[in-house]
Amino acid sequence: MATKGRRKQAAEAPAEKDKGRYHHGDLRQALVDAAVALIAEEGFGALTLREVARRAGVTHAAPYRHFADKEALLEAVAHEGFRAMAREMRERMARHTGPLERLYAAGEAYVLFAVRHPPHFRVMFGPHFTRPMSPPPEPEGEQGAFTLLVSTIEAGQAAGLLRAGEPRPLTLTAWSLVHGLASLFVDRQLGESPQGLEGAEALARVQTRLLVEGLRPPARG
């Protein structure tokens with residue numbers, strides 16, 4: 001029962017779905033949902049356009065109306081994940097006004113997204129593409145995940161709370177830490193560390209604060 005529960009949670013799309021809305025006019029999203037569920041339940045080896053079509057209840061040829069091949073379908077899954085991750089980061093960051101608190105919130109949201117949506121996370125950052133992935137479209141006026149990190153670190157630098165200099169190396173440091181922690185959770189490599197959302201949130205909170213200590217300006221002698 002526990003395994004089934006985990007699979008059900010993993011297969012959920014980042015945004016809540018209306019279970020009754022599928023019809024042939026919504027074929028593209030139905031195929032994306034079916035691909036996510038298939039990856040969650042059986043892994044990437046089972047993913048084919050034919051099997052995705054079967055799960056979506058359409059003909060084997062129907063996916064080609066929207067996706068030229070399996071990589072194009074995976075790109076759509078990745079784009080959905082990147083948009084959802086950025087949205088969850090913005091929502092968590094919006095609770096705070098200080099740049100350090102917003103940086104903590106961004107890191108925590110990143111890790112929690114990965115724990116909630118492992119199939120998306122694995123597609124977003126896995127070795128599944130033989131050609132460059134196009135950048136995910138963002139709603140007008142809203143920042144993506146990496147841009148959010150850059151702007152938050154720039155705000156911390158402007159306030160004198162983070163070390164001065166080019167912000168992108170600091171952003172890469174921050175991203176590397178939270179991405180590594182997220183990957184450890186998704187791949188269940190943390191041994192006896194607390195699992196689940198509460199455990200991930202608690203550990204992400206500790207790690208982001210340790211990270212920020214390392215990004216602070218050097219103490220003056």
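Residues numbered from 1 in each chain as written. Predicted model: local features only at pLDDT ≥ 70, side-chain atom pairs only at ≥ 80, totals over all residues. Heavy atoms only, no water.

## Quick look at the overall build of the protein chain
Next up, step 1: A tally of helices and strands in the protein chain yields 9 helices and 0 strands.
Next up, step 2: Buried positions account for 44% of the 221 residues belonging to the protein chain.
Next up, step 3: Expressed as a percentage of contacts within the protein chain between residues at least 6 apart in sequence, the contacts between residues at least 24 apart total 70%.
Next up, step 4: Just so you have it, the protein chain exposes about 11,900 Å², and 53% of that area is on carbon and sulfur atoms. (Helix = DSSP H or I, 4+ residues; strand = E, 2+ residues; numbered from the N terminus. Buried < 20%, exposed > 50% of the residue type's maximum accessible area, 1.4 Å probe, protein only. Contact = heavy atoms within 4.5 Å. Areas by Shrake-Rupley, 256 points an atom, 1.4 Å probe, with all protein chains shown as cover.)

## Quick look at the environment of P139
Next up, step 1: Following the sequence through the fold, P139 ends up in the loop between α6 (118–125) and α7 (145–158).
Next up, step 2: Sequence separation of P139 and R83 is 56 residues, and the distance between their C-alpha atoms is 8.7 Å.

## Structural notes on the pattern of salt bridges
Next up, step 1: As enumerated under the stated definition, the model contains 14 salt bridges in all.
Next up, step 2: Note that E51 is salt-bridged to R55, the shortest N-O span being 3.4 Å. Highlighted residues: E51 and R55, both in helix α3 (residues 49–56), separated by 4 residues, approximately one helical turn.
Next up, step 3: In this structure E51 comes out as buried when scored by relative accessible area, which is 19%.
Next up, step 4: Close ionic contact of R131 with D69 constitutes a salt bridge, the shortest N to O distance being 2.9 Å. One end of the pair, R131, is in the loop between α6 and α7; the other, D69, is in the loop between α3 and α4 (70–93), and 62 residues separate them in sequence.
Next up, step 5: The exposure class of R131 is partly exposed, given its relative accessible area of 39%. (Salt bridge = Lys/Arg side-chain N within 4 Å of Asp/Glu carboxyl O.)

## Let's talk about the packing of helix α5 (residues 99–116) against helix α8 (residues 167–186)
Next up, step 1: Interaxial distance between α5 and α8 falls to 9 Å at its minimum, and their mutual angle equals 25 degrees. It follows from the interaxial angle that α5 and α8 lie roughly parallel. For the element pair α5 and α8, the recorded crossing hand is right-handed. Here G107, Y110, V111, A114 and V115 of α5 come into contact with α8, specifically with W175, V178, H179, L181, A182, F185 and V186.
Next up, step 2: In terms of residue class, the contact of α5 with α8 is built from 10 nonpolar, 2 polar and no charged. (Axes fitted to C-alpha atoms, helices over the stretch in contact; angles between N-to-C directions. Parallel < 35°, antiparallel > 145°, perpendicular 65-115°, else oblique. Left-handed = near helix turned anticlockwise from the far one by under 90°. Nonpolar A, V, L, I, M, F, W, Y, C, P; charged D, E, K, R; others polar.)

## A look at the nonpolar core
Next up, step 1: Ranked by size, the top nonpolar core spans 60 residues in total, and within it L31, V52, L73, M85, M89 and V111 carry the most contacts.
Next up, step 2: Going through the elements one at a time, α2 (27–42), α3, α4, α5, α6, α7, α8 and α9 (196–215) are the ones with two or more residues in this core.
Next up, step 3: By residue number, the principal contributor to this core is α5, which donates 12 residues.
Next up, step 4: Apart from residues lying up to four places away in sequence, V111 is in contact with V178, L181, A182, F185, A200 and A204. (Core = buried A, V, L, I, M, F, W, Y, C linked by side-chain atoms within 4.5 Å.)

## Considering the UniProt feature "DNA-binding region" (unreviewed entry) in the protein chain
Next up, step 1: This chain's UniProt record puts "DNA-binding region" (unreviewed entry) on residues 48–67.
Next up, step 2: As annotated, residues 48–67 has a helix share of 40% and a strand share of 0%, and its two end C-alpha atoms lie 12 Å apart. (UniProt positions renumbered as here; feature names shortened; annotations may be inferred.)

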